[in-house]
2 protein chains.
Amino acid sequence: MGSAPLIVASNRGPLSIVAVDDGDDEVRRGGGGLVSGMQAALSAAPDAVWICAALNDRERGLARRATADGSARLSEVPAVADALAGDFDVRMLPIDALTFRQAYNGIANSTLWFVLHMLYEPARTPVFDQTWRRQWAGYVRYNRAFAEAIAAEAAHGATVMVQDYHLLLAPRMLRELRSDVHIGHFTHTPWAPPEYFRMLPDDVAHDLLDGLLAAHLVGFHTARWARLFADCCADLLGERPGPGLSVFPLSTDADELRERAFERDVNRALRGLRDTVGERTVIGRVDRTELSKNVLRGLLAYRELLRTRPEWHGRVVHVVYNYPSREDLPEYREYTAAVERLAREIDDEFSTDDWTPLVLEIADDYPGSLAVMRRSDVIFVNPVRDGMNLVVLEGIVLAEGDPAVVLSREAGAADTLGDDAVLVNPFDVSQTAAALHEALAMDDDERAARAARLRKKAVALPPAPWFQAQLDALAQLSR
Amino acid sequence: MGSAPLIVASNRGPLSIVAVDDGDDEVRRGGGGLVSGMQAALSAAPDAVWICAALNDRERGLARRATADGSARLSEVPAVADALAGDFDVRMLPIDALTFRQAYNGIANSTLWFVLHMLYEPARTPVFDQTWRRQWAGYVRYNRAFAEAIAAEAAHGATVMVQDYHLLLAPRMLRELRSDVHIGHFTHTPWAPPEYFRMLPDDVAHDLLDGLLAAHLVGFHTARWARLFADCCADLLGERPGPGLSVFPLSTDADELRERAFERDVNRALRGLRDTVGERTVIGRVDRTELSKNVLRGLLAYRELLRTRPEWHGRVVHVVYNYPSREDLPEYREYTAAVERLAREIDDEFSTDDWTPLVLEIADDYPGSLAVMRRSDVIFVNPVRDGMNLVVLEGIVLAEGDPAVVLSREAGAADTLGDDAVLVNPFDVSQTAAALHEALAMDDDERAARAARLRKKAVALPPAPWFQAQLDALAQLSR
């Protein structure tokens, strides 16, 4: 038994170790609203710990050195202590490279991500064979490593907040080790209906649902994902989740985001973007190069807009910033190549001497993507399925005018923004093209009125109160 | 208003027109248990009519000649009258080639089939754009042509039995033209859950569900498909189907099937097969080359069986008969090529001088496929999703020994056969390999006891009583 009254467990932690020019390790604080949102609560609880996985050889080396020192805490590694942001410690688990690859690439990103986003091509994928079973064994070991580390750190009666689809088995494993702790789990992805979830091998589907059911609080971004999880439990386990099944729709922290978005590198990127697009109306989108984000149909819809509404020729520019993601998976590389091909086709069909209809950047360019958000007149986000989608909320906060929003109804954010966005079926390219036209043509009063409401909704539950609300709910359930 | 008291409407009719050597048309009676099953009821009702589409230029020519004669009935075309099997007439609709292609290939087989079998690869397909909308307009025209033809033929108070996913809009269209007729519809495919069905454009999803809801009797093969249809209506229309939603699990007509399966051409094919396989145990499967039939994972499971259970080397032969289907769709051609590649790999890995582990025939060879059914010791059917799957029932009826059955739980037939088959998750290749081993290793008493029960279940509701049960249910509902 340990001394931590509050533990966060997630695959990626609040620190990362990167190589710098002289070959030394440098410790960087993780970005993103979620990290800073959790920090407040962690700092308020003395001896709180964030448990995460070492993501690469450097981090594994560091984690092993910490462990060899007789301590598993990074605060006792001199180079790291300075980088710890809040008043809490970090324990990085030196999970071996094979287990990590099996759990992270093989199961979390290639199986669970595909099931929960319904991305398979069922005539061919998934294939659950012996090779896949070895990866599943890695996922089980990875979850067990977390459960054991949590069990070792947790004080009597501690609160443990487990994050996301990488750690669906951990709540059950932890509960078997430590019946005294209070376990919350939050799933940041969507969930799938039973007819889809049952593609998984029977024992695996059972263990995943049962693993999550062991958490006292099971959180999702929307009522829709929570209902689908409950449907899976009812159909596949014959059991309904208890009162711990809850909905916490995360939104964005406007202050922190604005602070970053007005730094010098973003201002510089914005000047460059203004030179490119001039006074034209900008349809902006920012995504990872991720199959679920639906950039391909987004470009098809833009092409259909230009084909059917020539009045926009010369007056609009579609700016697409994609930061590379999961390039180790061949279907992701092929998808990105298809996006680049289609972008060239659109350019060939429509561009003129003085008009470039489409700007596509595939690069890890965070300042550039913030600049796109600031300059967007229409924010365009059309995933086929998305747990929440914070980018659309960030775009609303950062847009310098009154933005109109075209948003997939299959994103959790559609529940938050409702009809103040122009909602679309992401598979319906013609409807999406019509929605882009509607957004472009919206009169100023209407757009301003909607934008005012959208700005409120975009910051309804920022990370810190979102996390605190879960802690409160879990405390309530434990009484 | 016409004179027919009973009308069957389906894409494919009970007759087909083929070119014979001298260039003339020859009229052939359609095969299949369904045609003969409906014939009895049609023949019992004076002036009954079967309305179908002309499927090719020859049939369109014939249908137009019939119409030009002042009659739309094929019985008045001399060459055809002789071929009419029962005491009923056939009206073949000369739907123009473009409309037919749009409705049949573009919508029924490339959209509805994919939705209802959940076969899409959502990162890329479907794409509902302007091109697709033109195809949808063809599907609407095709359904309207049927509705109008039915309205013209139906006597006052007539009974109209509409078949399958080609004609989902026709019930609503017909009901608006003729409020006095009693409409039944039967869907031979599975149905999809609302989370999947809502991929369709909103108006299209609405019209399909509403079209079917207009039928007084809405029939499916299993309670599962009926429930999913009801879920779609509740989620997407806000409406629950009435008491007309019913389940009629079709089975096979043993007498008719056996008669055909002991004709000379089948006996000849069986002798050839016996020469090839000798005394070895045969795992037999017969399918169309259809994405949903899952031949690829079936071969992977057989490979895993041979890899993990070397005791079967030399003792088992897997005989796979595929008859070509939908070769005009590129994804079908690519899938078949992948099946052929994997078959060669298995042959390369395991075959010896005196043992061929796998026989794959891709050919339109009906006698050959009946021979496979007669010679099968293990019947293997593993579709990813299947309305019913009559092949597994036919295999049970025809197998000359006591067959063991390995069957996908995602086929409607799994509801009929239950645990007397070894049921598998079709995506779980390892489980399927273990099921093949279980079937091969099953002791004689167990296999005989199961086979006896399976033979009863396989003929529980043959086509004629299946169709009559629907007519009775519709009459009951109309009172």
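Residues numbered from 1 in each chain as written. Chains lettered and ligands numbered in written order. Predicted model: local features only at pLDDT ≥ 70, side-chain atom pairs only at ≥ 80, totals over all residues. Heavy atoms only, no water.

Throughout the structure, instances matching the rule amount to 30 aromatic pairs over all chains. Taking the centre distance of 5.4 Å and the plane angle of 25 degrees together, the rings of B:W191 and B:F197 count as stacked. Grouping residues by exposure puts B:W191 and B:F197 together as buried. Cluster of aromatic residues (ring-pair linked, three or more members): A:F100, A:Y104, A:Y142 and A:F146. One Lys or Arg, A:R326, reaches over the ring of A:W113 and ends 4.2 Å from the middle of that ring. The aromatic ring of B:F380 is capped on one face by B:R285, whose charged end is 5.1 Å from the ring centroid. (Phe/Tyr/Trp six-rings, centres within 6.5 Å; stacked < 30°, edge-to-face > 60°. Buried < 20%, exposed > 50% of the residue type's maximum accessible area, 1.4 Å probe, protein only. Lys NZ or Arg CZ within 6 Å of the ring centre and 35° of its normal.)

Residues and elements named next belong to chain A. Strand order across the open sheet formed by six strands is β12-β11-β10-β13-β14-β15, with parallel pairing between neighbours. Edge positions in the sheet fall to β12 (358-362) and β15 (422-424), since each of these pairs with one other strand and no more. Taking each pair of neighbouring strands and ignoring which way they run, the sheet shows an average axis angle of 15 degrees. Direction of pairing for strand β11 (residues 316-323) relative to β12: parallel, over a ladder of five bridges. From the neighbouring strand, Y321 faces β12, where its bridge partner is E361. Strands β10 (281-288), β11, β12 and β13 (378-381) of the sheet are contacted by helix α12 (residues 295-308), whose axis makes an angle of about 175 degrees with β11. (Pairing = 2+ DSSP bridges. Helix = DSSP H or I, 4+ residues; strand = E, 2+ residues; numbered from the N terminus. Axes fitted to C-alpha atoms, helices over the stretch in contact; angles between N-to-C directions. Contact = heavy atoms within 4.5 Å.)

This part is about the nonpolar core. Grouped together as the largest cluster of nonpolar side chains are 281 residues, with contacts concentrated most on A:W191 and B:W191. In this structure, B:L6, B:M92, B:L217 and B:F248 belong to the second largest nonpolar core, which totals 32 residues. (Core = buried A, V, L, I, M, F, W, Y, C linked by side-chain atoms within 4.5 Å.)

Contacts between the two partners involve 46 residues from chain B, matched on the other side by 46 residues from chain A. Here chain B and chain A share an interface that buries about 3,700 Å² over both sides, 46% of which is from carbon and sulfur atoms. At the boundary of chain B with chain A, the tally comes to eight salt bridges. If you look at where chain B meets chain A, you find 31 residue pairs in polar contact (both at pLDDT 80 or more). At the level of secondary structure, the elements contributing two or more residues to the side of chain B that touches chain A comprise α5 (130-153), α7 (194-197), α9 (223-237), α12 (295-308), α13 (330-350) and α17 (429-441) of chain B. Ranked by the residues each element gives to the side of chain B that touches chain A, the list is headed by α12(B), at five residues. Residues belonging to the side of chain B that touches chain A are distributed by class as follows: 22 nonpolar, seven polar and 17 charged. (Buried area = accessible area lost by both parts, 1.4 Å probe. Salt bridge = Lys/Arg side-chain N within 4 Å of Asp/Glu carboxyl O. Polar contact = N/O pair within 3.5 Å; in protein donor to acceptor, adjacent residues only side chain to side chain. Nonpolar A, V, L, I, M, F, W, Y, C, P; charged D, E, K, R; others polar.)

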